[in-house]
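Below are the chains, spelled out letter by letter.
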Amino acid sequence: MTGQPGRVLALSGGVGGAKLALGLYRVLPPDTLTIVANTGDDFTHLGLAISPDLDTLLYTLSGLDNREQGWGRRDETWNFMAALETLGGETWFRLGDGDLATHVERTRRLAAGASLSSITGDFARRLGIAARLLPMSDDPVRTRLDTDEGWLDFQDYFVRRRCLPRVREVVFAGAAAARPHPAIDAALADPMLRAIVICPSNPLISIDPILSVPGLRAALRDCPAPVVAVSPIIGGRAVKGPTAKMMQELGMPVDAAAVARHYGDLVDVYVADEEDAGSVRGLDLPVVLTRTLMTDLAGREALARAVLAAPGRIAR
Ligand code: FO1
């Protein structure tokens, strides 16, 4: 456990972000952590409400995650998919049998009038998660991309087209009318809040949707607790996924400094990999260099400790 008292608010997308979220969960008293998840990837598929990043966090924090795949559940079976394929159904987005239960139950509760946040909170409790897991908003926000194949919904781009189309613009449909979840405002107003952590998720499609919810970016910036952002770029490359490709297509340099510049005045301390010392040298921002590659549980915990210690290292 990290000795210092206080609460921590983390912003996270799926795979990469969830690794650090797990590290934070393991090194902090678990009930002091609130994780705000991106819901821009959410969509309705086969009539079911799918929330990929919330589910990746639910499975990761409860130890049910499929580490190799990065999404879905471990020891999953695929009978539903096989049966669907036999019937000529859509199989480009793969729903495992256990995972299917999550989507069916979420869809049933949403139809009965429950909010996404209350459903998520209940799933988390039932899976034994002591941290608070929240969608960024209970209102729908949907990431859409303008590409050289035209406008695509997020999962069409990400899974069906395997991130191959060239991206020209990313928008968050519905964001203008979305309200931040009230618990986020409450967490930011808590005098015991010691840090806000931006996990090493894709800034363009995992963190930007969260920041697109009106008022959220300003509330994070104006909060007295330090905002610590962790670079998703290591050695000038993204660990996994389309981060580097998208940055390049959108005219950003593919390096750790570009991510910090993208977040701008939101960030108080930037945590980057030792390999990127050269890239971040010119930043007008306190930087802590450490090893940011999280290959195992020890790596997740070590990065979490470094992130939590980062504001103190700068202050000294
Ligand atoms: N990603 C894939 O690459 N292929 C899939 O078939 C797939 C299915 C899937 C089902 C449930 C779920 O919660 C996530 C799933 N993902 C799949 C991951 C997801 O599309 C992305 O990783 C996230 O949206 C990006 O964070």
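One numbering rule holds for all chains: residues counted from 1, following each sequence as written. Thresholds applied to this predicted model are a pLDDT of at least 70 for local features of residues and 80 or more for the giving and counting of side-chain atom pairs; totals over whole chains, interfaces and linings are not thresholded and use all residues. Working from all heavy atoms in the structure, the side-chain values ignore hydrogens and water.

Further remarks concern the sheet that holds strand β7 (residues 150-153). Whether two strands pair comes down to DSSP finding at least two bridges between them. Secondary structure follows DSSP: runs of H or I at least 4 residues long count as helices, runs of E at least 2 residues long count as strands, and numbering of each begins at the N terminus. Strand order in the open sheet formed by 3 strands is β7-β6-β8, and the pairing between neighbours is antiparallel. Sheet topology places β7 and β8 (167-173) at the edges, where each strand pairs with a single neighbour. When strand polarity is set aside, the average angle formed by the axes of neighbouring strands in this sheet is 25 degrees. Strand direction decides the pairing type here: strand β6 (residues 142-147) and β8, joined by 6 bridges, are antiparallel. The axes are straight lines fitted to the C-alpha atoms, using for helices just the contacting stretch, and the angles between their N-to-C directions are given from 0 to 180°.

Here we take up the layout of surface pockets. Only protein atoms enter the calculation, which uses a 1 Å grid: trapped sets of points that fit a 1.4 Å probe without letting it out are cavities, open sets showing protein on both sides within 12 Å along at least five of seven lines are pockets, and any residue with an atom within 4 Å of a point is a lining residue. Grid points are joined across faces, edges and corners, and a volume is the space filled by probe spheres set on the points. The calculated volume of the largest pocket comes to roughly 910 Å³. Taken together, 43 residues make up the lining of the largest pocket; nearest its centre are Gly14, Val15, Gly16, Phe158 and Lys240. Of all the elements in the fold, those that place two or more residues in the lining of the largest pocket are α1 (15-27), α2 (52-62), α4 (97-111), α6 (154-160) and α8 (203-211). Throughout this entry, Asp, Glu, Lys and Arg are counted as charged residues, while Ala, Val, Leu, Ile, Met, Phe, Trp, Tyr, Cys and Pro are counted as nonpolar. The remaining residues, Gly among them, count as polar. Here the lining of the largest pocket is composed, by residue class, of 20 nonpolar, 16 polar and 7 charged. By volume, the second largest pocket is sized at about 240 Å³. Lining the second largest pocket are 15 residues, and of these Ile234, Asp273, Arg291, Leu293 and Thr295 sit closest to its centre. With 4 residues, helix α13 (residues 297-315) is the single largest residue contributor to the lining of the second largest pocket.

Moving on: the site of the ligand. It suffices for a single heavy atom of a residue to lie within 4 Å of a molecule or strand for the residue to be listed as near it. The environment of the ligand is made up of 13 residues, and the closest members are Asp41, Asp53, Phe93, Arg94 and Gln155. Residues adjacent in sequence count toward polar contacts only when both atoms are side-chain atoms; beyond that, a polar contact is any pair of N or O atoms within 3.5 Å, and within protein one must be able to donate a hydrogen and the other to accept it. A distance of 2.7 Å is found between an oxygen atom of the ligand and a side-chain nitrogen or oxygen belonging to Asp41. Arg94 places a polar main-chain atom, nitrogen or oxygen, 2.8 Å from an oxygen atom of the ligand. Accessibility throughout is a Shrake-Rupley quantity obtained with a 1.4 Å probe, and a residue counts as covered only by protein chains that appear here. Burial of the ligand by the protein chains amounts to 88% of its free accessible area of 540 Å².

Function-wise, these values are silent; they only describe arrangement.
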